[in-house]
Structure formats: C-alpha cells, structure tokens
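Listed below are the residues making up each chain.
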Amino acid sequence: MNESTTRDERFAHGLEVLKKVDGEAGQRVVDSLADINPELGHQIVAWAFGEVYDRPGLAPRDRQLVTLGMLTALGGCEAQLDVHVNAALNVGLTPEQITEALLHSAVYCGMPKALNATFVAKKVFAERGLLPLGQQPAPAAATSA
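Residues numbered from 1 in each chain as written. Predicted model: local features only at pLDDT ≥ 70, side-chain atom pairs only at ≥ 80, totals over all residues. Heavy atoms only, no water.

Enquirer: Can you walk me through helix 4 (residues 78-90) in this structure?
Expert: Along an α-helix, residues three or four positions apart point the same way, because every turn accommodates 3.6 residues. Taking 1.5 Å per residue as the helical rise, helix 4 with its 13 residues ought to reach 18 Å, and the 18 Å between its terminal C-alpha atoms agrees with that figure. Residues of helix 4 that are buried include every one of Leu81, Asp82, Val83, His84, Val85, Asn86, Ala87, Ala88 and Leu89, and no others. Following helix 4 by one or two positions, Gly92 adopts a phi angle in the positive range, close to 110 degrees. (Helix = DSSP H or I, 4+ residues; strand = E, 2+ residues; numbered from the N terminus. Expected span 1.5 Å × (residues − 1). Buried < 20%, exposed > 50% of the residue type's maximum accessible area, 1.4 Å probe, protein only.)

Enquirer: Explanation requested: the UniProt feature "domain: Carboxymuconolactone decarboxylase-like" (unreviewed entry) in the chain in the structure shown.
Expert: When the UniProt feature table is mapped to this numbering, "domain: Carboxymuconolactone decarboxylase-like" (unreviewed entry) covers residues 38-122. Helix makes up 84% of residues 38-122 and strand 0%, with an end-to-end C-alpha separation of 31 Å. (UniProt positions renumbered as here; feature names shortened; annotations may be inferred.)

Enquirer: Would you mind going over the domain arrangement of the chain with me for this structure?
Expert: Interface size is commonly expressed as the accessible surface area that is lost when the partners come together. Once the domains are mapped, the chain shows domain 1 (1-56) and domain 2 (58-130). One C-alpha centre belongs to domain 1, the other to domain 2, and the line joining them spans 21 Å. Listed as interface residues are 10 residues of domain 1 and, on the opposing side, 9 residues of domain 2. Taking both partners together, domain 1 and domain 2 bury about 740 Å²; carbon and sulfur atoms supply 50% of that area. Broken down residue by residue, the surface that domain 1 buries against domain 2 is led by Val21, Asp22 and Tyr53, which jointly contribute 59%. Our count for the contact surface shared by domain 1 and domain 2 stands at 0 salt bridges. At the junction of domain 1 and domain 2, the tally comes to 6 residue pairs in polar contact (both at pLDDT 80 or more). Among the elements of the structure, helix 1 (7-32) and helix 2 (38-53) are those that each provide at least two residues to the side of domain 1 that touches domain 2. (Domains from an automatic or database assignment. Contact = heavy atoms within 4.5 Å. Buried area = accessible area lost by both parts, 1.4 Å probe. Salt bridge = Lys/Arg side-chain N within 4 Å of Asp/Glu carboxyl O. Polar contact = N/O pair within 3.5 Å; in protein donor to acceptor, adjacent residues only side chain to side chain.)

Enquirer: Got a minute to help me understand the state of the cysteines in this structure?
Expert: A disulfide bridge is the covalent bond that connects two cysteines by way of their sulfur atoms. Applying the stated criterion to the full structure yields 0 disulfides. Not engaged in a disulfide, the cysteine Cys77 finds its nearest cysteine sulfur in Cys109; these two sulfurs lie 11 Å apart. (Disulfide = S-S within 2.5 Å.)

Enquirer: Sorry, what's going on with the packing of helix 3 (residues 60-74) against helix 5 (residues 95-109) here?
Expert: Packed helices, taken two at a time, are described by their axes: the angle between them and the distance between them. Direction vectors running N to C along helix 3 and helix 5 enclose 40 degrees, while the axes themselves pass 10 Å from each other. Compared by their axis directions, helix 3 and helix 5 come out oblique. In this structure, helix 3 crosses over helix 5, and the sense of that crossing is right-handed. Residues Arg61, Leu65, Leu68, Gly69, Thr72 and Ala73 of helix 3 touch helix 5, and the partners they reach there are Gln97, Ile98, Ala101, Leu102, Ser105 and Cys109. (Axes fitted to C-alpha atoms, helices over the stretch in contact; angles between N-to-C directions. Parallel < 35°, antiparallel > 145°, perpendicular 65-115°, else oblique. Left-handed = near helix turned anticlockwise from the far one by under 90°.)

Enquirer: Which parts of the structure should I look at to understand the packing of aromatic side chains?
Expert: To describe a pair of aromatic rings, you give the distance between the ring centres and the angle between the ring planes. Scanning the model with the defined rule gives 1 aromatic pair in all. Taking 4.3 Å as the distance between ring centres and 15 degrees as the angle between the ring planes, the aromatic pair formed by Phe49 and Tyr53 counts as stacked. Taken together, the positions of Phe49 and Tyr53, both in helix 2 and 4 residues apart, correspond to about one turn of that helix. Across the pair, Tyr53 and Phe49 agree in class, each one buried. (Phe/Tyr/Trp six-rings, centres within 6.5 Å; stacked < 30°, edge-to-face > 60°.)

In structure tokens, the structure reads:
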C-alpha cells in the first residue's frame, strides 16, 4: 500500500490479507475487540496485516514459522498461538512442519514453552481432524566403522 491510501482503504486491504492468512479466526479476534478497543482491531487489520504481513520479503508460510517461534518464545500467548497454528495450516505448512518447528523451539525457548505451544497445536489439529500425526522416524543410530 502506498502512503496516499485512505484509512478505510488500508483497512479493506488488510482485511483481505487477514482472511487469506487467518480465515475466520482472525475476524473473531477483531470482532472481540469491538466493544473494548476497536482501534486495536483496526490496527491489527490495517497495519499488521495490510502493511507488514503483505510485504514481499517473506512468503506467508515463512512469516507463520517466524510468528510461531516468537509466540512460543514469549510464552503466555496460547490464544494467539491457536490463531497462528490455524494460519500456518491455512498458508500451506503441514502439521509435521509445525510440530518440527515447535520441537526446534525447545532448544532456544525451553521445554515448558515448547510443550505449551505443542499442546495448542494438538488442540488445533484435533479441531481440524488432523490427529494422530504419522510416526516420526527414529534418529539413525551411529554406525561404527
């Protein structure tokens, strides 16, 4: 979007991006702010989605991987993780890729945060009929020469 667009145009553009990424979950978040902080809802749509999410530098799936990692690292963001695990699925990440990213987060964020994020993913996957996930292969044993 360029700087000459109106507030309403930025919101409309952001709403299109929000619907592609978050689907109904994103709209529910915005709607839930209507009676307490509608301006925050507007900024989520117009700025976060219309300006930042729509930038060309990262593909939507990559943005979601980054978002999952940051929300996991922050901790206490389970409601937002719920929305963004759904979004990750919406933009083409597989459940296995999501769980692999959450496993990787344990190294940098710690087990408790990785566990909390994984349980959010499990809830989302269950709601979408994606459980059980296939068995991950065991790491190859070291061979001796």
